[in-house]
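These are the residues of each chain, in order.
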Amino acid sequence: MIRDRKWLDYLRTQRCVLTGRHGNDNVTVDPAHFGTGGTGIKADDSTALPLLHWFHHEAHQRGHASLLRQHASDSLLMLMACAYAREMYRGWKDD
């Protein structure tokens, strides 16, 4: 498990992956940890993505998959699928 404060602080300065908006005086961008960490246990910092605060809160309430199904653009879903496919290929190649 990584706990990289600089990385998490950097994510707070980035655009929300769902809306493309930066945080401002009224709303923050939070690093949202995707993945399985278990109840009360955060997933690895390498799985964190920048989300506007209300999306981060919604993800905790409804679940990350539900949030993505409702709000992710087709282009974001394609990028995620391609990244997953690359990881699968790397894993296969390394074996």
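Up top you'll find the structure we're talking about.
The following refers to the structure shown. The model shown is predicted, which means the values in this text are computed figures rather than measured ones. (Residues numbered from 1 in each chain as written. Predicted model: local features only at pLDDT ≥ 70, side-chain atom pairs only at ≥ 80, totals over all residues. Heavy atoms only, no water.)

### Let's talk about the pairing of strand E1 (residues 29-33)
- For E1, a buried count of 5 out of 5 residues is recorded, marking the element as mostly surrounded by other parts of the structure.
- A two-sided burial pattern is seen for E1, the buried positions comprising Val 29, Pro 31 and His 33 on one face and Asp 30 and Ala 32 on the other.
- Examined bridge by bridge, E1 and strand E2 (residues 48-52) share 5 bridges and lie antiparallel to one another. In the strand pairing of E2, Ala 32 is matched with Leu 49. (Buried < 20%, exposed > 50% of the residue type's maximum accessible area, 1.4 Å probe, protein only. Helix = DSSP H or I, 4+ residues; strand = E, 2+ residues; numbered from the N terminus. Pairing = 2+ DSSP bridges.)

### Section: the packing of helix H2 (residues 53-62) against helix H3 (residues 64-71)
- Where H2 meets H3, the closest approach of the two axes is 7 Å, and the angle between their N-to-C directions is 125°. On the basis of their axis angle, the class for H2 and H3 is oblique. Residues Phe 55, Glu 58, Ala 59 and Arg 62 of H2 touch H3, and the partners they reach there are His 64, Ser 66, Leu 67, Gln 70 and His 71. (Axes fitted to C-alpha atoms, helices over the stretch in contact; angles between N-to-C directions. Parallel < 35°, antiparallel > 145°, perpendicular 65-115°, else oblique. Contact = heavy atoms within 4.5 Å.)

### Quick look at the nonpolar core
- By size, the foremost hydrophobic cluster in this structure holds 14 residues, and its most contacted members are Cys 16, Leu 18, Leu 51, Leu 52, Phe 55 and Leu 67.
- Broken down by secondary-structure element, the contributors of at least two residues to this core are E1, E2, H2 and H3.
- Aside from chain neighbours lying at most four places away, what touches Cys 16 is Arg 21, Pro 50, Leu 51, Leu 52 and Phe 55. (Core = buried A, V, L, I, M, F, W, Y, C linked by side-chain atoms within 4.5 Å.)

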